[in-house]
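For reference, the chains in residue letters:
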Amino acid sequence: MLKKINAWVEERLDLSTLRHLTLEKTVPKHRYTPLHLFGGVALFFFTVQIVTGILLLLYYKPTAGEAFKSVEFIVTQVPYGWLIRSIHSWSANLMILAIFIHMFAKYFLKAYRKPRELTWVSGFILLVLAMGFGFTGYLLPWNELAFFATGVGTESVAATPVIGHWLLLILRGGENVTGATLSRFFAIHVTVLPLVIIGILSIHLLLIQAQGMSKPIGIKEKGEIPFVPNFMLRDLMMWLGALIVLVGLATFFPWELGHAVDTFASAPAGIKPEWYFLSMYQTLKWMPPFFIGISGELIGITLISIAGALVLLVPFLDRKASREEKSPWFTIIGVLAIIFLIAITIYARFS
Amino acid sequence: MPDFPDRRSEMKTRTILILIALISFGLGVHADETSCEICHSKLKGRLSQPVTQWKNSIHQQNDINCANCHGGDPSAKNMKAAHSRSKGWIGKPGPIQIVKLCGTCHANESFMKKYDPNSRTDQLKNYMTSNHGINIMKKEDGRAATCASCHGAHDVLKAMNPRSHVYPENVVDTCAKCHGDKKLMAQFDISGDEVADYKSSVHATALYKKHDLSAPTCNDCHGNHGAAPPGAASVEKVCGTCHVMNQKLFDESPHKEWDEIGLRGCVECHSNHAIKPPTDAMLSTDKGVCLNCHDSTEPAFKTMEAMYKTLTGLETKLMETREMVNNAAEKGMLMDDAMLKLQDAKTAYIKSRTATHKFSSDYLDHIAKAALVDVTNIQKLAKERLMEVTKRRTSFYWFGGLFFILLILLGLKIRSMEK
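This write-up is about the structure you can find in this document.

## A word on the overall build of chain A
Okay, so step 1: Each helix and strand counted, chain A has 15 helices and four strands in total.
Okay, so step 2: Its C-alpha atoms give chain A a radius of gyration of 23 Å, near enough to 20 Å, the size a compact globule of 351 residues would have.
Okay, so step 3: Taken along the three principal axes of its C-alpha coordinates, chain A extends 65 × 55 × 40 Å.
Okay, so step 4: Counting over 351 residues, chain A shows a buried share of 30%.
Okay, so step 5: Long-range contacts, defined as pairs at least 24 residues apart, comprise 78% of the intrachain contacts of chain A with a sequence gap of at least 6.

Structure below.
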């Protein structure tokens, strides 16, 4: 029966690529092979986001008057709604964490070097998009904390020269964070970002399939393992582990709903963004109001943009790695960047 | 109008005059600066201080200057002429003069309405009825307080100005200038502990720590200008100004005729100045305040015992419930509805405590019943939520355990495959 189905499909479609993937694709085996698995973990969390996001859409109402109540309804009345909502929120955070680990792993293995520059660039765009998902999704429950944090977050856009105020208006749908902001954040979160991310993700995955996994410079290989089933089973193991952690976190620490927005109330003390924005938040906070006549916020945004551009351009800056030579300076910079990011995040969280 | 030779020079002169006026205004130069200010501001110490203080006062803002109180000639160029007795100069006024001087304007309705249509003008009348007023005006005893003792002599400000000596948060210290002086107070048969007692009270906590300006200070109970100690009969009315329900219930209680036997209403149980936050222990059978008058053989003791039992029982249940609600909230359950109901239960509990002022255990039980119903409903809700937490966690243990076994099996499969 299976053979018949196979023959029927084969007559109509060329399955040679798929056959190549299942029968011939191999992955280099060395002591850093497990680090390759974090991309798969990020992909797993992304899939969880799509599934839980669709389920949430069945009940969520994206208006200022209904948003909070609808999320409250989901977590209190809808069967397993609490679990779905909590998994969606936890999975968003774990996805960004997995992307960070994946990115730094690839950075230290110099996997960005020629010919995989575009894989790195597309991966960096995916990180930015994931953060965009986090930023737009954070406002959707329309709770007090999200409302004021979004106010602060969108405010920094206004520091952009010339088009700052215009950008702010586009983002907020007016001068202030209102129901109009909620509508456009919802639209961006469930239509624009998913379309863009699926496009970029497809390119990212196609590039990986086309070029195979990178081998670290100067690492002693222990041969190769077949992608199917050996590496796939490892992926599956990681996914199972991720699922256990995810459901455990959602069960033991259900994501808080907070209090409904009261636009007339003063901002609650100690508003801080999600952990992955804390380093940027602290950088902006440290800036003086003005420095040689330029607004501190603008300097901060410029610095953050330069840092982002440097990360994006790493494959083109690390000339040694592209010649298959070791580049210890980039390793040192990477270690320093990790220490800085962790330290500034912890400082911002507890200060 | 000066005679200008032509239109152009007229414009020029006008422009110069306007400029001079603007510059003078900008520099704060007052054309009508009196000789009192000019001379006294050049002097040192206590002779220049009045000018500095007056310049920040409500009187300065309304053009009431030195001569209005001290007399003399503020336009004179030398001290002798300025301090001329023939021009009404009185120097530093004595206590009786101060009261009369202030009364000249502040008891004059038509004069005061010019400055503030809502201004009171009964202060002098009230003052004359007060112990302060009687001592000063009738007994000519200069140790008592005059207007300036409380409001300041030169730095007089509106009562609701936070810098005023009589602003709610400052008035206790103003009274304390005399009433905190034990030696002085002993001369009037007053203990002098009142201010210290007040500062340890629940009212002082509300005023100084919570900055609740509606919390009573000295003048709220003793009166502002008609300052006098409330008599035994009026204590309950004084407290009842704010504690309306307590007074109503007290008036319906067997204690309503206390004043006839010389007992001072609220003060007998709560004291007067050092009023502490009321606790259920005030009704306890070993150290309750009822024991001050009643012993264990009286029916009142039984009432006290029953009320104590009801209140402590309710409080314990309320605390248990709050703990359950917090516990469920900490475990991630949405407890907003329970928190809201808990607020209602707390209000019902406070109402029950108020009900003790009727000194009837039946009445208290009736009121407490509503609070008990609230508490029981919340406990039921919290129990349901906590059971839900247990159900969720148990499900996870099964799910997690199953998937963990699967994970181990996968690991073993990979190992066997690669061998």
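## Some points on the overall build of chain B
Okay, so step 1: Helix and strand counts for chain B stand at 22 helices and zero strands.
Okay, so step 2: Oriented by its inertia axes, the alpha-carbon framework of chain B measures out at about 115 × 85 × 40 Å.
Okay, so step 3: A total of 419 residues make up chain B; the buried ones form 23% of that total.
Okay, so step 4: For chain B, the proportion of contacts with a sequence separation of at least 24, taken over those separated by at least 6, is 55%.

## Regarding unusual backbone geometry
Okay, so step 1: A cis geometry characterises the amide bond from A:Lys114 onward to A:Pro115, with omega recorded as 10°.
Okay, so step 2: Here A:Pro115 is to be found in the loop between α5 (81–108) and α6 (117–139).
Okay, so step 3: Across the junction of A:Val228 and A:Pro229, the peptide omega takes the value 5°, indicating a cis bond.
Okay, so step 4: Among the structural elements, A:Pro229 can be located in helix α10 (residues 227–252).
Okay, so step 5: One non-glycine residue, A:Trp142, lies in the positive phi region at around 55°.
Okay, so step 6: Along the chain, A:Trp142 turns up in the loop between α6 and α7 (144–155).
Okay, so step 7: The exposure class assigned to A:Trp142 is buried, which follows from the 26 C-beta atoms found within 10 Å.
Okay, so step 8: Even without glycine at this site, B:His211 takes up a positive phi of about 50°.

## Notes on the environment of B:Met128
Residues and elements named next belong to chain B.
Okay, so step 1: In this fold, Met128 is placed in helix α9 (residues 123–129).
Okay, so step 2: In sequence terms Met128 and Asp286 are 158 residues apart; their C-alpha atoms lie 47 Å from each other.
Okay, so step 3: Apart from the residues lying within four places of it in its own chain, the contact partners of Met128 are Gly133 and Met137.

## What about the nonpolar core?
Residue and element names in this part refer to chain A.
Okay, so step 1: Core analysis: the biggest nonpolar cluster contains 64 residues, and Ala42, Phe45, Met95 and Trp142 have the highest contact counts within it.
Okay, so step 2: Elements with a minimum of two residues in this core: α3 (37–57), α4 (67–76), α5, α6, α7, α9 (179–211), α10 and α11 (278–286).
Okay, so step 3: The leading source of residues in this core is α5, at 13 residues.
Okay, so step 4: Once residues lying within four places of it in the same chain are set aside, the contact partners of Trp142 are Ala64, Ala67, Phe68, Phe147, Leu182 and Val261.

## Section: the environment of A:Thr345
Residue and element names in this part refer to chain A.
Okay, so step 1: Following the sequence through the fold, Thr345 ends up in helix α15 (residues 328–350).
Okay, so step 2: The partly exposed category is assigned to Thr345, around which 17 C-beta atoms lie within 10 Å.
Okay, so step 3: The sequence separation of Thr345 and Pro288 amounts to 57 residues, and the corresponding C-alpha distance is 20 Å.
Okay, so step 4: Filtering out sequence-adjacent residues up to four positions away, Thr345 remains in contact with Trp275, Leu278 and Ser279.

## Remarks on the interface of chain A and chain B
Okay, so step 1: Each side of the interface is counted separately: chain A has 18 residues, and chain B has 17 residues.
Okay, so step 2: Listing elements by their share of the side of chain A that touches chain B, those giving two or more residues are α4 and α10 of chain A.
Okay, so step 3: Considering every element that reaches the side of chain A that touches chain B, the biggest residue donor is α10(A), with 12 residues.
Okay, so step 4: Class assignment of the residues belonging to the side of chain A that touches chain B gives a composition of 11 nonpolar, five polar and two charged.

Rules of the game
- Sequence order as written defines the numbering, with residues in each chain counted from 1.
- Here every chain gets a letter starting at A, and every ligand a number starting at 1, in the order they are written.
- With the structure being a predicted model, the display of local features is reserved for residues of pLDDT at least 70 and the display and counting of side-chain atom pairs for 80 or more, all residues being used for whole-chain, interface and lining totals.
- Each helix corresponds to a stretch of at least 4 residues labelled H or I by DSSP, and each strand to a stretch of at least 2 residues labelled E; elements are numbered beginning at the N terminus.
- Only C-alpha atoms enter the radius of gyration; for comparison, a globular chain is expected to reach 2.2 Å times N to the power 0.38, where N is the number of residues.
- Buried means a residue has 20 or more other C-beta atoms within 10 Å of its own C-beta, exposed means 12 or fewer, and partly exposed covers the counts in between; C-beta atoms are placed from the backbone.
- We call two residues in contact when their backbone-placed C-beta atoms lie within 7 Å.
- Residues of type Ala, Val, Leu, Ile, Met, Phe, Trp, Tyr and Cys that are buried and joined through C-beta atoms within 7 Å form what is called a nonpolar core.
- Any residue that is not Ala, Val, Leu, Ile, Met, Phe, Trp, Tyr, Cys, Pro, Asp, Glu, Lys or Arg is counted as polar, Gly included; the first ten are nonpolar and the last four charged.

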